[in-house]
Amino acid sequence: MAGEIEHEEDLSREEAATYFEEVADGLRSGEEFTVVVGDLSVDVNPAETVEFGVELEDEEEERELEFELEWERREDELEIDAEE
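For the structure given in this document, a descriptive report is provided here. Residue numbers restart at each chain and count upward from 1, following the sequence in its written direction. Thresholds applied to this predicted model are a pLDDT of at least 70 for local features of residues and 80 or more for the giving and counting of side-chain atom pairs; totals over whole chains, interfaces and linings are not thresholded and use all residues. Hydrogen atoms and water are omitted, and side-chain values are computed over all heavy atoms in the structure.

**Here we look at the overall build of the protein**
Spelled out, the test is: Strands are runs of DSSP state E lasting at least two residues, helices are runs of H or I lasting at least four, and both sets are numbered from the N terminus onward. Only protein chains enter the calculation, and the probe is 1.4 Å; a residue is then buried if its accessible area is under 20% of its type maximum, exposed if over 50%, and partly exposed in between. Only heavy atoms enter the contact rule, under which two residues are in contact if any of them lie within 4.5 Å. Accessible areas in this description were obtained via Shrake-Rupley with a 1.4 Å probe; residue shielding takes into account the shown protein chains only.
Of regular secondary structure, the protein possesses one helix and five strands. Secondary structure elements of the protein occur, N-terminal to C-terminal, as α-β-β-β-β-β. Taking all 84 residues of the protein together, the buried fraction comes to 15%. For the protein, contacts bridging at least 24 residues in sequence account for 41% of all contacts bridging at least 6. As displayed, the protein has an accessible area near 7,500 Å², and 43% of this comes from carbon and sulfur atoms.

**Things to note about the nonpolar core**
So the rule is basically this: The definition of a nonpolar core used throughout is a set of buried Ala, Val, Leu, Ile, Met, Phe, Trp, Tyr and Cys residues joined through side-chain atoms within 4.5 Å.
One finds Val23, Phe33, Val35, Val37, Leu40, Val42 and Val44 forming the largest nonpolar core, which totals seven residues. If you list the elements that add at least two residues to this core, you get strand 1 (33-37) and strand 2 (40-44). Not counting the four nearest positions on each side in its chain, Val37 is found in contact with Ile5, Glu6, His7 and Val42.

**Here's the deal with helix 1 (residues 13-29)**
Put simply, the rule is: For a helix, the expected span equals 1.5 Å multiplied by the residue count minus one.
Taking 1.5 Å as the rise per residue, helix 1 with 17 residues should run 24 Å; its terminal C-alpha atoms sit 24 Å apart, in good agreement. Gly30 sits one or two positions beyond helix 1 and adopts a positive phi of about 75 degrees.

**Describing the pairing of strand 4 (residues 63-70)**
What counts is decided by this rule: Pairing between strands requires that DSSP locate at least two bridges from one strand to the other.
As defined by bridge partners, strand 3 (residues 51-58) adjoins strand 4 across eight bridges and the pair is classed as antiparallel. Residue pairing in the sheet places Leu56 in a bridge with Leu65 of strand 4. Here strand 3 hands over to strand 4 after four residues, the two strands then running antiparallel side by side.

The structure is reproduced here in structure tokens:
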């Protein structure tokens, strides 16, 4: 699957923290792990080193904080499988 999957929803702080913890546990495992994106489950297997980005947009009415992980695909990671 090539392309982009994007999802936004309202979560409590606790729910958002749990989501980040699950991703952090997956990263620490050093193995392929599943990320839930809305109704999809996507298996990812990041490289040992990832590019990490943080962006904070500060506007009069709201703030937006974004985190991004980026890595080069390895030969054994030819395609991401997504399941509904």
